[in-house]
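Spelled out from the first residue to the last, the chains are:
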Amino acid sequence: MVKRDLLTLKDYTADEIKLLIDDAILLKNLRRRGKSILPYLSGLNVAMIFEKPSTRTRASFTVAVEELGAFPISYSAQELQLSRGEPVKDVARVLSRYHHAIAARVFSHKDLVELAQFSSVPVINLLSDLYHPLQALADYMTIKEKKGKIEGVKVAFIGDGQDNVFNSLAIAGVKLGAKVRVASPKQYAPTPQVLGEDVYSKIEIFEDPEDAVKDVDIVYTDVFVSMGQEKEREERMKVFLPKYQVNVDLLRKIGRDDYVIMHCLPAHRGEEITDEAIESRHSLVFDQAENRLHTSKAVLLYLLNPLWR
Ligand code: CP
Ligand code: NVA
């Protein structure tokens, strides 16, 4: 079997993304019915490397590996010789002699690309500075469950237009036929280099959040200061607040009541979103978080045992 990685959904076709979402829905159902899926990855073991903190990704991916019958091993970067300067290409070749897949959360997407290049087993992106593909899969699964479809749904992302979660939301959204809008300050607007010209040319870019949210189905936001950007906090806050906060005033501008609010979490209440908005009946944030488990399973099966069905 030729090894396949998941570094960004740019490398996946619309049909593949749809299959992953449908598989995740099926796996969610099997779990609800108490059906065991232990045999599918039985005897395998999966490495996870974390250069940054994580709650959802670490927990959901670990449980996904375990429920598929495989063994998860989590390494913080500090525990590995990586932190003492061992080259990524050596770590890749060594770990792939032991593990059947390597999943990693990294500061620099370039390291993930190098890891995949030198690893003989699949490499899965658990978040990099550029992309968060597992999050986008869970997000569109949630949209499919709640809205019954993905094609044609209007989603407005408010905040940092160069954010990793937004990039993956846009890439998957365009492939799946969603109408993706983004409102961000000029200096944080999306770029064709990261999204790809094909995706960039199909999204609608706004500076004013009130214009972007008009008549949308979904309002999505993420933190203004991502992990690794802590030194930029002060200048970012000046630019993003108060204009780009998802609050009741902004939500009123949608002009309808059947909208949903999404956030990958963790949220910084009082910054990108208010407590009132995230706790409202429109919020899907905990369904998104749950769906990280089911989509992670779908990805693991797709890469390690695609004939499982
Ligand atoms: N959404 C997400 O990836 O959360 P964690 O940083 O907690 O893993
Ligand atoms: N953009 C955020 C997402 C966290 C899940 C970050 O990179 O910190």
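Below you will find a few notes about this structure. The model shown is predicted, which means the values in this text are computed figures rather than measured ones.

**A short note on the overall build of the chain**
Then, number 1: If you tally the helices and strands in the chain, you get 13 helices and 9 strands.
Then, number 2: Projected onto its principal axes, the C-alpha positions of the chain cover 55 × 45 × 35 Å.
Then, number 3: Taking as baseline every contact in the chain between residues at least 6 positions apart, the subset at least 24 positions apart corresponds to 76%.
Then, number 4: In the chain, the 42 positive side-chain charges and the 44 negative ones have mean positions that sit 4 Å from each other.

**Focus: the site of ligand 1**
Then, number 1: Ligand 1 sits among Ser54, Thr55, Arg56, Thr57, Arg105, His132, Gln135, Cys264, Leu265 and Arg292.
Then, number 2: A distance of 3.0 Å is found between a nitrogen atom of ligand 1 and a side-chain nitrogen or oxygen belonging to glutamine 135.
Then, number 3: Note that a nitrogen atom of ligand 1 is positioned 2.9 Å from one of the backbone N or O atoms of cysteine 264.
Then, number 4: Taking 260 Å² as the accessible area of ligand 1 by itself, protein coverage stands at 96%.

**Some details on the site of ligand 2**
Then, number 1: Residues in close proximity to ligand 2 include Leu127, Asp163, Asn164, Val165, Asp222, Val223, Ser226, Met227 and Leu265, which together make up its full environment.
Then, number 2: Within the side chain of asparagine 164, one N or O atom sits 2.8 Å away from a nitrogen atom of ligand 2.
Then, number 3: The backbone of methionine 227 places a nitrogen or oxygen atom 2.8 Å from an oxygen atom of ligand 2.
Then, number 4: In isolation ligand 2 exposes 270 Å². Once the protein is present, 94% of that is buried.
Then, number 5: Among the residues forming the shell around ligand 2, the class breakdown is 5 nonpolar, 2 polar and 2 charged.

**Quick notes on the pairing of strand E8 (residues 218–221)**
Looking along a regular strand, one sees the side chains alternate between the two faces of the sheet.
Then, number 1: Here E8 shows a buried face lined by Ile218 and Tyr220 and a second buried face lined by Val219 and Thr221.
Then, number 2: Relative to E8, strand E5 (residues 154–158) runs parallel, the two sharing 4 bridges. When the sheet's bridge partners are listed, valine 155 is paired in E8 with isoleucine 218.
Then, number 3: Relative to strand E9 (residues 260–263), E8 is paired through 4 bridges, and the arrangement is parallel. Its bridge partner lying in E9, isoleucine 218 is registered against valine 260.

**Concerning the packing of helix H5 (residues 133–147) against helix H13 (residues 285–304)**
Then, number 1: Where H5 contacts H13, the two axes come as close as 8 Å, and the packing angle between them is 115°. By the angle class used here, H5 and H13 are roughly perpendicular. At the point where H5 passes H13, the crossing takes the right-handed sense. Contacts from Leu134, Gln135, Leu137, Ala138, Asp139, Met141, Thr142, Glu145 and Lys146 in H5 reach Asp287, Gln288, Asn291, Arg292, His294, Thr295, Ser296 and Val299 in H13.
Then, number 2: Grouping the amino acids of the contact of H5 with H13 by side-chain chemistry returns 5 nonpolar, 7 polar and 5 charged.

**What about the nonpolar core?**
Then, number 1: Membership of the largest hydrophobic core comes to 64 residues, with the highest contact counts inside it found for Leu9, Phe61, Tyr140, Ile203 and Leu300.
Then, number 2: Setting aside its immediate chain neighbours within four residues, leucine 300 contacts Leu41, Val46, Phe61, Ala64, Val65, Leu68, Ile124 and Asn305.
Then, number 3: Formed by 26 residues, the second largest nonpolar core is a distinct cluster that contains Ala183, Tyr244, Ile261 and Ile278.

**Observations concerning the packing of aromatic side chains**
Then, number 1: Taken as a whole and judged by the stated rule, the model has 7 aromatic pairs.
Then, number 2: Among the aromatic residues, ring-to-ring pairing joins Tyr188, Phe224, Phe240 and Tyr244 into one connected group.
Then, number 3: Arginine 4 extends its terminal NZ or CZ atom over the ring of tyrosine 12, reaching a point 4.2 Å from the ring centre.

**Points about the pattern of salt bridges**
Then, number 1: The full count for this structure, using the stated rule, is 24 salt bridges.
Then, number 2: A salt bridge links aspartate 287 to lysine 146, with the shortest nitrogen-to-oxygen separation between them at 3.5 Å. Residue aspartate 287 is found in helix H13, and its partner lysine 146 is found in helix H5; the two are separated by 141 residues along the sequence.
Then, number 3: Looking at lysine 146, the relative accessible area reads 43%, which means it is partly exposed.
Then, number 4: Note that aspartate 215 and arginine 256 form a salt bridge whose closest N and O atoms lie 3.3 Å from each other. Of the two residues, aspartate 215 is situated in the loop between helix H9 (209–212) and E8 and arginine 256 in the loop between helix H11 (248–252) and E9; the sequence distance between them amounts to 41 residues.
Then, number 5: With a relative accessible area of 37%, aspartate 215 lands in the partly exposed category.
Then, number 6: Among the charged side chains, a salt-bridge network with shared partners connects Lys154, Asp215, Asp217, Arg256 and Asp258.

**Description of helix H3 (residues 88–98)**
Then, number 1: All of the buried residues in H3 are Val88, Val91, Ala92, Leu95 and Ser96. Down the axis of H3, the smallest arc covering the buried residues is 120°, so these residues share one side.

**Regarding the sheet that holds strand E7 (residues 204–206)**
Then, number 1: Spatially, the 5 strands line up as an open sheet ordered E7-E6-E5-E8-E9, and their pairing is parallel. In the strand order of this sheet, the two ends are held by E7 and E9, each with one partner. Sheet twist, expressed as the mean angle between neighbouring strand axes with direction ignored, is 20°.
Then, number 2: Looking at chain direction, E5 and strand E6 (residues 179–183) are connected through 5 bridges and run parallel.

The rules behind each value
Within each chain, residue numbers correspond to sequence positions counted from 1 in written order. To label them, take the chains in the order written and letter them from A, then take the ligands in the order written and number them from 1. Thresholds applied to this predicted model are a pLDDT of at least 70 for local features of residues and 80 or more for the giving and counting of side-chain atom pairs; totals over whole chains, interfaces and linings are not thresholded and use all residues. Only hydrogens and water are set aside when side-chain values are computed; all heavy atoms of the structure are taken into account. Helix and strand definitions follow DSSP, with helices as H or I runs of at least four residues and strands as E runs of at least two, each counted in order from the N terminus. Any two residues whose heavy atoms approach within 4.5 Å at even a single point are treated as in contact. Two residue types count as positive, namely Lys and Arg, and two as negative, namely Asp and Glu; His and chain ends fall outside the count. Lys charges are placed at NZ, Arg charges at CZ, Asp charges at CG and Glu charges at CD. When we say a residue is near a molecule or strand, we mean one of its heavy atoms is within 4 Å of it. Two N or O atoms count as a polar contact when they lie within 3.5 Å, although within protein this holds only if one can serve as hydrogen donor and the other as acceptor, and sequence-adjacent residues are included solely when both atoms are side-chain atoms. Method for areas: the Shrake-Rupley scheme with a 1.4 Å probe, in which residue coverage is limited to the protein chains shown. Note that Gly is not counted as nonpolar here; it falls among the polar residues with everything else outside the nonpolar set of Ala, Val, Leu, Ile, Met, Phe, Trp, Tyr, Cys and Pro and the charged set of Asp, Glu, Lys and Arg. The buried label goes to any residue with under 20% of its type's maximum accessible area, the exposed label to any with over 50%, and the partly exposed label to all in between, with areas taken from a 1.4 Å probe on protein chains only. Strand pairing is assigned whenever DSSP detects at least two bridges linking the two strands. Interaxial angles span 0 to 180 degrees and are taken between N-to-C directions of axes, which are lines fitted to C-alpha atoms, for helices over the stretch in contact. Throughout this description, any angle smaller than 35 degrees is read as roughly parallel, any larger than 145 degrees as roughly antiparallel, any in the 65 to 115 degree range as roughly perpendicular, and the remainder as oblique. Two helices that cross are described as forming a left-handed crossing if the nearer one is turned anticlockwise from the farther one by less than a right angle, and a right-handed crossing if clockwise. Put simply, a nonpolar core is a bunch of buried Ala, Val, Leu, Ile, Met, Phe, Trp, Tyr and Cys residues held in one set by side-chain atoms that sit within 4.5 Å of each other. Only Phe, Tyr and Trp rings are paired, with Trp represented by its six-membered ring, and only when their centres lie within 6.5 Å; those with planes under 30 degrees apart are stacked, over 60 edge-to-face, the remainder tilted. Distance and angle both matter: a charge sits over a ring if NZ of Lys or CZ of Arg is within 6 Å of the ring centre and within 35 degrees of the ring normal. Here, a salt bridge means any Lys or Arg side-chain nitrogen found within 4 Å of an Asp or Glu carboxyl oxygen. To be clear, the arc concerns the directions from the helix axis to the C-beta atoms.

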